[in-house]
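Fold and contact review
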Amino acid sequence: MTAPEALRAALVTALTDSGALTADWARAFAAVPRHEFLPATIWADENGGDTECSRTVDPEQWMRLAYSDVPIVTQWDDGSEGDRSTPTSSASMPTMVAEMLSDLDAHPGHRVLEVGTGTGYNAALLAHRLGDANVSTVEVDPQVTTAARAALERAGYIPEVVCGDGALGWGVRAPYDRLISTVSLRDIPPAWLSQTRPGGVIVSPVSPLLGGGAIVRLTVHGDGTASGRFTRSAAFMMLRQQRYEGAPVDDYLPDEWPGDAEQSWTKLDPEAIGDDWLAQFACALDLPDVYYRRNLFGGGWTWWLFDTAVTSWATVDSAPGESQYEVRQSGPRRLWDELEAAHDRWTAAGRPGYERYGLTVTATGQTAWLDEPTNPLGWSTLAT
Ligand SMILES: C[S@@+](CC[C@H](N)C(=O)[O-])C[C@H]1O[C@@H](n2cnc3c(N)ncnc32)[C@H](O)[C@@H]1O
């Protein structure tokens, strides 16, 4: 079996060669034993999937995965036994870990708060570079917290590990120079602003309701607000408190479909949005209170659009090979027309990438913008 040290060295070389790992973090990546942070059963494979792998049954594959550039699921459904429908804790993909640490721009002497301890691996990297005393990390799940504490101790690190809701930050050690979240959310919590010193940096995944997701890098200003651009695409687990189920379809459409819906036709295949993470993200920033679900229909999909206020719905039938698609819309809003218009605006702007979008956050809400804060999009929400 290849020794973990050799596998780790190969991972560091690969991450350095790809440009994800910067020189200031390379030593930490070379020193922290990622395999010590993983449970005996993990879900991962070389293709980024979630194939079960047991250390007892296949120790070689388990160790190889520990040092592969893939995300590793470590918990399903908040730890409840059953069908394993939603991954709820993981060791993030090493490329993403390295890139987010680079976005964080932390330096020795900085005090850092991490939200979403997970396995504890990222906290160990922070503790290695910045010192145990400068790192606090918050995890909502008691079992995950206990496992992370034990793994950190085994690997020789003792940052402060707190079990609690990371949306509240951790006021005890505030103010922080840097705050990094490894769990995604729609609204940046006000507590993060007040617990980060002016000039400090907040790095977090953001997942708007409609879809898509990206890392935002915010600088906190003297007036307690924060602003900054998105840096890169990212798909992270949602903060427990910001998961969104949506209302039952019957609340929108009590009668048989299509009810009183108006019929029309569109030339835009909704799958062109569904298949494109960036397009979804751009449209989602424009339409903060709209979400979609898809049902298999014939050889294609029926898209259902809903608003969070439960006033309006729309369906669009997408079938391969068609040149136009049937639309039904009901309620005071025409949700498909709104989504198509958002997509047109993104296309007309030259299909801007993540880094052209940004976010301004205040104690009471947040606004997304394109290119400059003076060019706000529709995304303006009240922070919860
Ligand atoms: C992608 S994992 C974090 C990966 C981790 N940083 C690592 O190095 O292994 C996301 C974690 O966020 C946790 N989480 C979800 N909601 C949370 C909340 N409100 N506060 C703190 N942690 C939360 C999940 O339980 C999960 O363990």
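The rules behind each value
- Residues numbered from 1 in each chain as written.
- Predicted model: local features only at pLDDT ≥ 70, side-chain atom pairs only at ≥ 80, totals over all residues.
- Heavy atoms only, no water.
- Helix = DSSP H or I, 4+ residues; strand = E, 2+ residues; numbered from the N terminus.
- Rg over C-alpha atoms; globule rule 2.2 N^0.38 Å.
- Buried < 20%, exposed > 50% of the residue type's maximum accessible area, 1.4 Å probe, protein only.
- Polar contact = N/O pair within 3.5 Å; in protein donor to acceptor, adjacent residues only side chain to side chain.
- Contact = heavy atoms within 4.5 Å.
- Pairing = 2+ DSSP bridges.
- Axes fitted to C-alpha atoms, helices over the stretch in contact; angles between N-to-C directions.
- Phe/Tyr/Trp six-rings, centres within 6.5 Å; stacked < 30°, edge-to-face > 60°.
- Salt bridge = Lys/Arg side-chain N within 4 Å of Asp/Glu carboxyl O.
- Parallel < 35°, antiparallel > 145°, perpendicular 65-115°, else oblique.
- Left-handed = near helix turned anticlockwise from the far one by under 90°.
- Nonpolar A, V, L, I, M, F, W, Y, C, P; charged D, E, K, R; others polar.
- Near = heavy atom within 4 Å.
- Areas by Shrake-Rupley, 256 points an atom, 1.4 Å probe, with all protein chains shown as cover.
- Domains from an automatic or database assignment.
- Core = buried A, V, L, I, M, F, W, Y, C linked by side-chain atoms within 4.5 Å.

Of regular secondary structure, the chain possesses eleven helices and 19 strands. What you see for the chain is a C-alpha radius of gyration of 22 Å, in line with the 21 Å of a compact globule of 384 residues. If you line up the chain on its principal axes, its C-alpha atoms span 65 × 55 × 35 Å. In the chain, which comprises 384 residues, the share counted as buried stands at 53%.

Structurally, T182 is set in the loop between strand 8 (176–181) and helix 7 (190–194). Taking relative accessible area as the criterion, T182 reaches 19% and is therefore assigned buried. Polar contacts involving the side chain of T182 include one to the main-chain carbonyl oxygen of G116, which spans 2.7 Å. Among all residues touching T182, those that are not within four sequence positions of it are E114, V115, G116, N122 and F236.

As summarised here, the arrangement of the five strands in space is 12-16-15-14-13, forming an open sheet in which the pairing is antiparallel. Looking at which strands have only one partner, the edges of the open sheet turn out to be strand 12 (262–266) and strand 13 (290–297). On average, each strand axis in the sheet is inclined to that of its neighbour by 20°, with strand direction left out of account. Set on the sheet, helix 11 (residues 335–348) makes contact with strand 12, strand 13, strand 14 (300–307), strand 15 (313–318) and strand 16 (325–330); between it and strand 14 the angle comes to about 100°.

This model, assessed by the stated rule, comprises twelve aromatic pairs. When the ring of F281 is compared with that of Y354, the centres are 5.4 Å apart and the planes differ by 50°; the resulting orientation is tilted. With F281 in helix 10 (residues 277–286) and Y354 in the loop between helix 11 and strand 17 (357–361), the pair connects residues that are 73 residues apart, well separated along the chain. Of the residues examined, F281 reaches a relative accessible area of 0% and is grouped as buried.

Counted by the stated rule, this structure contains 19 salt bridges. A salt bridge links R334 to E262; the shortest N-O distance between them is 3.4 Å. Placement of R334 in the loop between strand 16 and helix 11 and of E262 in strand 12 is noted, with a sequence separation of 72 residues between them. The partly exposed category is assigned to R334, whose relative accessible area is 25%. Among the residues examined, E262 registers a relative accessible area of 44% and is labelled partly exposed. Taken together, the salt bridges that share partners define one network made up of D78, D141, R240 and R243.

The next thing to look at is the packing of helix 10 against helix 11. Close contact between helix 10 and helix 11 brings their axes to 9 Å; oriented N to C, the two are set at 115°. Accordingly, the angle class assigned to the pair helix 10 and helix 11 is roughly perpendicular. You can see that helix 10 and helix 11 cross each other, and the crossing is right-handed. Counted together, L278, A279, A282, C283 and D286 of helix 10 and L339, A342, H343, R345 and W346 of helix 11 form the full contact between these two elements. A breakdown of the residues in the contact of helix 10 with helix 11 according to their chemical character gives seven nonpolar, one polar and two charged.

Right, let's get into the site of the ligand. Taken together, 26 residues lie around the ligand, and S89, T119, E139, G166 and Q241 are the ones closest in. G166 is positioned such that a nitrogen or oxygen atom in its backbone is 2.8 Å from a nitrogen atom of the ligand. For the ligand, a nitrogen atom lies 2.8 Å from a polar atom in the side chain of Q241. Relative to its unbound accessible surface of 610 Å², the ligand loses 99% to contact with the protein. Of all elements in the fold, only strand 4 (87–91), helix 5 (121–130) and strand 6 (135–139) reach the threshold of two or more residues within the shell around the ligand. Taken together, the residues that form the shell around the ligand break down as eight nonpolar, 14 polar and four charged.

Interface extent is often summarised as the accessible area lost during association of the parts. Segmentation of the chain into domains returns domain 1 (4–183) and domain 2 (249–348). The gap between the C-alpha centroids of domain 1 and domain 2 is 37 Å.

We now examine helix 5. In terms of burial, helix 5 is a largely internal element, nine of the ten residues being buried. Buried residues of helix 5: Y121, N122, A123, A124, L125, L126, A127, R129 and L130, and no others. Positive backbone phi, approximately 95°, marks G131, located one or two places after helix 5.

The subject of this paragraph is the nonpolar core. Formed by 50 residues in total, the largest nonpolar core has its most connected members in W25, F29, F37, L101, L104, L125 and L126. When near neighbours in sequence (up to four residues on either side) are disregarded, W25 contacts L101, S102, A106, L125, L126 and R129. Judged by nonpolar contacts, the second largest core, of 34 residues, contains W192, V220, L278 and A279.

With respect to burial, strand 3 (residues 72–76) is a largely interior element, five of its five residues being buried. Here strand 3 runs beside strand 4; their pairing, made up of four bridges, is antiparallel. Paired with I72 across the bridge in strand 4 is A91.

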